[in-house]
Amino acid sequence: MSAKERRIEDIDHIVIRFAGDSGDGMQLTGTQFTDTSAILGNDISTLPDFPAEIRAPAGSLAGVSGYQVNFSNFDIRTPGDAPNVLVVMNPAALKTNVGDLEPGGILISNSDAFVADNLRQAGYTQNPLEDGTLRNFRLYKVPITKLVDNALKENPLSFRQKERCKNFFALGLVYWMFNRPMESTLKWIQDKFKKNPDVLDANTRALNAGFYYGETTEAFETRYQVRKAMIAPGTYRKITGNEALALGLMCAAERAGKHLFMAGYPITPASDILHELSKHRRFGVKTFQAEDEISAIGAAIGAAFGGAMAVTASSGPGIALKTEAMGLAIMLELPLVICNIQRGGPSTGLPTKTEQADLLQAMFGRNSESPLAVIAPATPGECFTMAFEAFRIAVKYMTPVMVLSDGYLANGAEPWAIPKIESLPVIPVHHPTSKTDGAFLPYQRDPGTLARPWAVPGTAGFEHRIGGIEKADVTGNVSYDPDNHEHMVRTRKAKIDGIANDIPHADIFGSPEGDLLVVGWGSTYGAIVSAVEKARAEGLDVSALHLRYLNPFPKNLGDALKRFRRVLVPEMNLGQLRMLLRAEFLVDAIGLNKVKGQPFKIAEIGRKIHDLNPKQMPSARRAAAVA
Amino acid sequence: MSAKERRIEDIDHIVIRFAGDSGDGMQLTGTQFTDTSAILGNDISTLPDFPAEIRAPAGSLAGVSGYQVNFSNFDIRTPGDAPNVLVVMNPAALKTNVGDLEPGGILISNSDAFVADNLRQAGYTQNPLEDGTLRNFRLYKVPITKLVDNALKENPLSFRQKERCKNFFALGLVYWMFNRPMESTLKWIQDKFKKNPDVLDANTRALNAGFYYGETTEAFETRYQVRKAMIAPGTYRKITGNEALALGLMCAAERAGKHLFMAGYPITPASDILHELSKHRRFGVKTFQAEDEISAIGAAIGAAFGGAMAVTASSGPGIALKTEAMGLAIMLELPLVICNIQRGGPSTGLPTKTEQADLLQAMFGRNSESPLAVIAPATPGECFTMAFEAFRIAVKYMTPVMVLSDGYLANGAEPWAIPKIESLPVIPVHHPTSKTDGAFLPYQRDPGTLARPWAVPGTAGFEHRIGGIEKADVTGNVSYDPDNHEHMVRTRKAKIDGIANDIPHADIFGSPEGDLLVVGWGSTYGAIVSAVEKARAEGLDVSALHLRYLNPFPKNLGDALKRFRRVLVPEMNLGQLRMLLRAEFLVDAIGLNKVKGQPFKIAEIGRKIHDLNPKQMPSARRAAAVA
Amino acid sequence: MEPGNGGSAATTTAATAAPAALTKKDFVSNQDIRWCPGCGDYAILSSAQNVFPKLGIPRENFVVISGIGCSSRFPYYVNTYGFHSIHGRAPTFATGLKLARPDLSIWIVTGDGDGLSIGGNHLVHIMRRNVDCTILLFNNRIYGLTKGQTSPTSEFNKKTKSTPLGSIDYPINPISLALASEATFIARTLDTDPKHMARIFQQAAEHKGTSFVEIYQNCIIFNDGAFEPISDKTTRADNALFLDHGRPLVYGKDSHQAIRLNGWQPEVLTFDGTPPANVAVHDETAVDPSWAYLLSRMDPQAGFPVPLGVFRRVTRDTYENLMTRQIEESRKKSGPGSASELQALLTGEDTWTVPA
Amino acid sequence: MEPGNGGSAATTTAATAAPAALTKKDFVSNQDIRWCPGCGDYAILSSAQNVFPKLGIPRENFVVISGIGCSSRFPYYVNTYGFHSIHGRAPTFATGLKLARPDLSIWIVTGDGDGLSIGGNHLVHIMRRNVDCTILLFNNRIYGLTKGQTSPTSEFNKKTKSTPLGSIDYPINPISLALASEATFIARTLDTDPKHMARIFQQAAEHKGTSFVEIYQNCIIFNDGAFEPISDKTTRADNALFLDHGRPLVYGKDSHQAIRLNGWQPEVLTFDGTPPANVAVHDETAVDPSWAYLLSRMDPQAGFPVPLGVFRRVTRDTYENLMTRQIEESRKKSGPGSASELQALLTGEDTWTVPA
Ligand SMILES: Cc1ncc(C[n+]2csc(CCOP(=O)(O)OP(=O)(O)O)c2C)c(N)n1
Ligand SMILES: Cc1ncc(C[n+]2csc(CCOP(=O)(O)OP(=O)(O)O)c2C)c(N)n1
Ligand code: SF4
Ligand code: SF4
Ligand SMILES: [Mg+2]
Ligand SMILES: [Mg+2]
């Protein structure tokens, strides 16, 4: 059977995972494959999986880095539960990843790396490629190192340098297998290495060699093809959550006619927001790497006092450090956006893993009654929207707003319909500059929003003093008056509660009433909605409601919950939203809790739905669901 | 009518408030009166009310300092709702306090201080002692300044120095009025001023002059007498919450056969714990004033690692700063006591005022799932018991324990039955020193408590490493394993939840079931139980349950709540315990919330009880209640 | 149109309008002062209020930022923009504000506890960055507001509420610390010398970059007399060394004492008549901070006078200027940052279009 | 019986037992090392493991405490008690532990970010208090663990992930800061000179009080070559000045360069043959830290060599000793702190009895 003759099978979607040593370039390989697929018109969703923070010794289990991509011809919402294809560059990568590969899945291995030392490091006593333990998979042993070396005979680079091209070989092979064009990657290599022709040549050759290897060897019986997805018309790019968040902040500043001020202190997985924004000085973006997280939020509050669109971003331990200053910002009633890119905890915890266990900290993690607004994007692309929304709320209500993203959203990518800046809403900002008469009253509130005026230094006649001691309403003077204190405590809460009038009702995916409602928030969106969709396709009376607004809740939430017999709340924590729902609405919500530093799989939620044994949908509704 | 003939009326209890400028020595006056009454065998309860932190200008409203004492011949639990007697040393003190005096109450004023400048500072346009506005009170205008000056003619002190004795004159007068002996105060003056005979003489004379003034002038028609209370036999002293807390910590260390290590950073109203403990080096107590609150908790954790009984104490903003390190302590599973003497917030808030709004911060104020034990004393004396209990739990379960006191408990005083040290329970401590074989396993847990072993540096063979990254159970090695993480997150929670097996059931004051249950925690105890007692005396079907254990809750709580038709939760916050109860037990608890920086009055709770219109008690129960 | 800066239209107007002739009264707020009678803070406040109108800065462009402490109540009493923040963090708010609004004149008021205990690190970092602002550190060697605990400048063995048996903490020298933090303007003055204070405040304000001013301040309640004998006019001359740029280090009531160097070590020298030639001459502009450091170490316990005045005054780019320059240069290089450029950034490099 | 100290019976036993002859291997833990191949941290670890067995301290009495950063993984690799804490706070844990347990030998491992950025203040305060411990500050002038952002010791204008247009932060000099913090032992060494490192570690360990050691450490991934040319053996002699107590400041491959003072200012001097008499002589025991400060300011940019070795070594009571002394003195004065005295304290001064 010659290469030309091999059939190309059409399939709906494929999940590939690339895994290798941290030094093997797996993140790059995955990103290239994703970009190509996205440009080709597939829907995509990705999940990078970084090793612990420091580079572990080459070949060690701790050093394995992975990148999973799901690409499809339909609308997908997650990077896929289990890979259909696994590419492993060494024994450690095999060891840590093979457990996830679907039974019968394709397993491509760099057989050259399965040598004694690597096997020992991965804890294998014999070579798994040879001992039959992988018999349930379609195993391909490819001597990638040798093949690359052969392909680069002419190239003057050293053996070690050549070896570093082996990820491109693997990529080329996978491109062949899934019938993808290589232009985009070839162009990327051109751009990236234009100053280094030998490396350019080596990577190009390695890529091609991989592709031709697929074409010429007889090892691979089938090729697969995933056609374009039916995506709404428009221009798209691929975007990660942190990129989207950074851009959302910039666009909010633009639409407010303001400059952005961002203060941060490096911490995984929030650092990239600082990195991204620090590139954009020409847009007037001022970034400040502070000496610690307290300084970062302090600087942001100071900038907000000065009239800037101010934001700080951090994670776990860094957010804990900011809590005292958050209390101050609540007293000052200044607009401030705080981004918490949640990670595994407590304490240092699992810095590179995802979790959504800071919701209650966001709600209550400050001394005394100190309410602030809390919102959470559900997908990487939504990080843009919610960052923008955070500033809208912050400025309109003169309040700190916490955005709860997480490691999964931050690093995961999806196609994103590029918005037109001029079609984004304007964020109106008013700094008072003239007044009728009398002293300026810094705590005289707008009767609708309860926001106080945002008078900024430099405005003659508006000199005033603010601070963290309780203040008299209207005048803002220091006040120890008991009644004023109670009034202010309740007013601060009422102001946040009032935001409920200004946010959309929560949408229900499925039916407006029924047997089981699955309620989620944040990055669990994809898995929940996909599971519910599947259950509905099976006729089960299950719907989903996903919260982007956690404080205050959308106004229709209580009513929506009441229309279902049971409520299930899947969360990557021990039941934090669940607790809030129980307390607020006295619903006996059931929890599905996973705290493994990993996102939910669709099947995990699906299984729980089945365990709860929901009723079949009434036939009328069923017809609608299937249509 | 001569002095001798005036009748002495017997009454049950009297509430006196002394109020004057910060420089007038009102705290001292109140304390002296309290001590005398306590020694006399009255039950007592006190409420100091400090002005804002800095001494305001003499005579200003902001500078008024007050001290209220309730003394009685029966068991009282609060410093009283409204004073029956108000002593004011200047117009500002009158202005800020007269609103609290009961109609028809006795008002003793230093008329010499009602001069133009003072009146203006207090915002009076005319002299309230003269304009008839005080006609609803029994007003006594006493020219105290002049009388003191007269009494001290012989004394060589300057006029200003003499003037500073006027609080003793006032005290003498009140002693006469309530028929109290002066020995205790005379002795105090002797001790205090023994190195300064002129001052000793001046204060003694002023005190006597006040007493004789009452006896000789005709102004006062009646004297009152409050007889001994029926108190359980034993030896008593007066104690404030902060004193009791400090002693409780010391006794816990003693009963653990350990030294106490306390690290703090000054902050109102927690500083006194540091002050008190720093006096006691000879007991091996090591106190460390750190550079900030983070350092303080860090030092305490370090000491705990070394095997000390370690504690840190703070309030509002300081507790917020400690949250990152608390997360670490939770990961390390080391015994640590954290005292939070709550004050008004948010932010700097009302530093000298009381509040109980840090409960949810105590529960959730850290990144990720980070449970710790939370307990709360209900009275000043209980601060001893609960400090002791905190260490018992911390050591037994190898966990941080948060003690929630507040400004009201911290500074308030009550009679306290002095415990015998040897009758306090022993706190067993085990540091492993020998093992069977193999490596030491720092996270191998006691199957009962789930506590890990407390192996301390300096023990050969037990070398091990701990840290804030997630660790494998049993070995304690760094672990990024997803299943281990979930296991550890759940184990940390299970360990805290398990403490419920080791704490007393919550007592119910009243009947074990019925119409209305009033549930409280912390310093609201006195007001709640007094109000419930009163309501029951009126035949209403109301009972009370007061929580000393907030995390975990006592095991009988859910059951107890179910036995009542309605639940009322009075709190000095916006409903924090209420929220926890609703979430946990799905009871539609009703809130009574006061956030004024001031404790509840009995009547405020009583009013709410009446508003809820509880049923009459079934007659059988009624009989029991009255008995 | 490019997005407006943090400052509104009004700001721009105010900044360009000719400043009205201001007087001290313009800087007195309507709030009652709540310091203890006799507290040194009053004199410092008054000196600052005297200097502010002389700086040629519109009142609305002043911002006073403080932490927590008695001293930190300062902003309430000054009729400008004011910010009473949280304990120890004033430099952080100031840094953000100055970066966002380089047009403002920013003053930080802090105490020895606020600035050197909990806030020590922020102080170090604002100084090394050279954010243009003036820091007034009220050093009373005690915690005033919390009623008398030891502070990082309290003497060794001092008995306070928290150290009833004497403090075992060795004190910090704020001037030495400022030098190690690379501060570009460093001075010391004291509450009982209003003229000196005013001169130093003015110089500090005029300096571009972080100006650090330590002010010896008497806390009459909890640490009275901490700066005797130099706070006392009658004994000051013999115990203080007033630093003047380019002038020999001469002091004493009759100016008959001086400092000379023995190697790198200062020595006290007593003389009659004109000072000898080898008396050291003060150079506040020395780029190497070692000179100022050496002055900062002169220890009254060892018989040295206490230096007052400007220890160091050198030029270095300010933080906010460097930031502005990066913006300008980046605009020159990559485009002015227009909305269309932002649209291009949103779009990114790799896009694909799904046709309708 | 008086309550036992933090240390249990076992501790006491261990402390008094004659220390077994230890070797480097005793200090190697069973954990896989996770630093990048080629990282300077390996050499530092190895030097420390070489020195530990030579100190005459039982293994179980060592505690290594770190913050967060690549460097802060150190404790996992040393087979003693270890504590990998939170970012910047290692000195706080160390202070508490040493106060509770003066019998332990405490080592703090920190990075330039951990120790000088977020943790700067704790570093200052542990040094001023003179808590007996040894601080190893791994200075690689970069944030390693978070993958390459600017640190407080990064050069001005450095391009990093967080400063793509160049850093506008002026760097801190760790030695100058340690001096301003009143540290009693201050030294600098570097990862590529294991012998020097070992000598310095040993001296630091033997010093009673806080020993601060800055270690130039190469981060091969994010800041390779930061300490060229002194990290390179072939160019080191011409660019480094090895400080030796009582010895003239002579350096250079052929020892033909030296430092002399011009007034208080150092100058480089080139000579042939024996060094001239006016070459400055190092005095690490100078009580006035100005000498060491002056050395710390020698700037390679201005043609000076980089000093390595001990800058300062002076004696001052340690914090934990002062604490112990207070306990002893207070016992002498007011009683031994027995249970009955505690009972008396509980009872207080004013009591009353309600008869049965
Ligand atoms: C986070 C926090 N910790 C502690 C306090 C309590 N506190 C207020 S001011 C102060 C110290 C004041 O001393 P200093 O800075 O010297 O100012 P001074 O009152 O002497 O002017 C402290 C510890 C606080 N407000 N916030
Ligand atoms: C509170 C907190 N903030 C931020 C971080 C993230 N973080 C970890 S290490 C580090 C800096 C590391 O730099 P350095 O101290 O120089 O150590 P190196 O890795 O270079 O050895 C940062 C910012 C954290 N873990 N905790
Ligand atoms: S306590 Fe001291 S510093 Fe504070 S206001 Fe009074 S005198 Fe001034
Ligand atoms: S990142 Fe740098 S400092 Fe960290 S282990 Fe790698 S080489 Fe060492
Ligand atoms: Mg002070
Ligand atoms: Mg570093």
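On a predicted model such as this, the values are computed, not experimentally measured, just so you know. (Residues numbered from 1 in each chain as written. Chains lettered and ligands numbered in written order. Predicted model: local features only at pLDDT ≥ 70, side-chain atom pairs only at ≥ 80, totals over all residues. Heavy atoms only, no water.)

Q: Help me understand the overall build of chain A in this model?
A: For chain A, the count of helices and strands is 22 helices and 23 strands. Whereas a compact globule of 627 residues would reach a radius of gyration of roughly 25 Å, chain A reaches 27 Å, a difference of no more than 12%. Over its C-alpha atoms, taken along the principal directions, chain A stretches across nearly 90 × 65 × 45 Å. Counting every position in chain A, which comprises 627 residues, the buried fraction comes to 69%. Once local pairs closer than 6 in sequence are excluded, the contacts in chain A between residues at least 24 apart make up 76%. As displayed, chain A offers around 20100 Å² of accessible surface, 51% of which is attributable to carbon and sulfur atoms. Of the charged side chains in chain A, 68 are positive and 67 negative; the average position of the first set lies 1 Å away from that of the second. (Helix = DSSP H or I, 4+ residues; strand = E, 2+ residues; numbered from the N terminus. Rg over C-alpha atoms; globule rule 2.2 N^0.38 Å. Buried < 20%, exposed > 50% of the residue type's maximum accessible area, 1.4 Å probe, protein only. Contact = heavy atoms within 4.5 Å. Areas by Shrake-Rupley, 256 points an atom, 1.4 Å probe, with all protein chains shown as cover. Lys, Arg positive; Asp, Glu negative; His and termini not counted. Charge placed at Lys NZ, Arg CZ, Asp CG, Glu CD.)

Q: What's the story with the site of ligand 4 in this structure? I'm lost.
A: Taken together, 11 residues surround ligand 4, and among them C36, C39, C70, C219 and I220 of chain D come closest. With respect to ligand 4, the chains having nearby residues are chains A and D. (Near = heavy atom within 4 Å.)

Q: Could you clarify how one ought to interpret the pairing of strand β11 (residues 286-289) of chain B in this entry?
A: Looking along a regular strand, one sees side chains alternate from face to face of the sheet. Residue and element names in this part refer to chain B. Burial of β11 is two-sided: the residues K286 and F288 facing one way and the residues T287 and Q289 facing the other way are all buried. When strand β10 (residues 260-264) meets β11, the two strands line up parallel, connected through 4 bridges. Bridging from a neighbouring strand, A263 pairs with F288 of β11. (Pairing = 2+ DSSP bridges.)

Q: How should I be thinking about the confidence of the model for chain C in this particular structure?
A: Reading fine detail from the predicted coordinates is not recommended where pLDDT is low. Counting all residues, the mean pLDDT for chain C is 93, and 94% of those residues have values of 70 or more. Here the predicted complex carries an ipTM of 0.95, next to a pTM of 0.94. (pLDDT = per-residue confidence, 0-100.)

Q: It is not clear to me how the sheet that holds strand β3 (residues 43-49) of chain A should be interpreted in this structure. Could you clarify?
A: Two orientations exist for strands paired in a sheet by backbone hydrogen bonds: parallel and antiparallel. Residue and element names in this part refer to chain A. What the 6 strands build is an open sheet, ordered β3-β4-β2-β5-β6-β7; its pairing is mixed. Only two strands of the sheet have a single partner each, and these edge strands are β3 and β7 (138-142). The sheet shows a mean angle of 15° between the axes of neighbouring strands, direction not considered. Pairing of strand β2 (residues 13-21) with strand β4 (residues 64-72) involves 9 bridges; the strand directions are antiparallel. Bridged to A19 within β4 is G66. (Axes fitted to C-alpha atoms, helices over the stretch in contact; angles between N-to-C directions.)

Q: Sorry if this is basic, but what is going on with the coordination of the magnesium ion (ligand 5) here?
A: Residues and elements named next belong to chain C. Around the magnesium ion (ligand 5), the protein contributes the donor atoms D112 (OD), N140 (OD1) and I142 (O), at 2.0 to 2.2 Å from the metal centre. Mapping the donors of the magnesium ion (ligand 5) onto the primary sequence yields the spacing D-x27-N-x1-I. Here D112 is found in helix α4 (residues 112-118), whereas its partner I142 is found in the loop between β4 (133-139) and α6 (174-180), with 30 residues between them in sequence. Both residues of the pair, D112 and I142, belong to the buried class. (Donors = N, O, S within 2.8 Å, 3.2 Å for Na, K, Ca; no water.)

Q: For this particular structure, what's the right way to read the site of ligand 2?
A: Near ligand 2 lie 23 residues; those nearest to it are E293 of chain A together with C70, S71, D112 and D114 of chain D. In this structure ligand 2 sits where residues from chains A, B and D come together. Between ligand 2 and the protein, one listed contact pairs an oxygen atom with a side-chain N or O atom of S71 of chain D at 2.7 Å. In this structure, an oxygen atom belonging to ligand 2 sits 2.6 Å away from a side-chain N or O atom of D112 of chain D. For ligand 2, whose unbound accessible area comes to 580 Å², protein coverage reaches 98%. (Polar contact = N/O pair within 3.5 Å; in protein donor to acceptor, adjacent residues only side chain to side chain.)

Q: When you look at the environment of N97 of chain B in this model, what are you seeing that I'm missing?
A: All names here are of chain B. Looking at the secondary structure, you find N97 in helix α2 (residues 91-97). Given the relative accessible area of 6%, N97 is considered buried. Once residues within four sequence positions are removed from consideration, N97 is found in contact with R17, A19, V64 and L86. Within the structure, N97 has its side chain in polar contact with the side chain of T96 (distance 3.2 Å).

Q: Where do I start with the interface of chain C and chain B in this structure?
A: How big an interface is tends to be reported as the loss of accessible area on association of its parts. If you look at the interface, chain C gives 27 residues, while chain B gives 25 residues. Where chain C abuts chain B, roughly 2100 Å² becomes buried across the two surfaces, and 59% of that area is made up of carbon and sulfur atoms. Put simply, chain C and chain B have 0 salt bridges between them. On inspection of chain C and its partner chain B, the count reaches 7 residue pairs in polar contact (both at pLDDT 80 or more). (Buried area = accessible area lost by both parts, 1.4 Å probe. Salt bridge = Lys/Arg side-chain N within 4 Å of Asp/Glu carboxyl O.)

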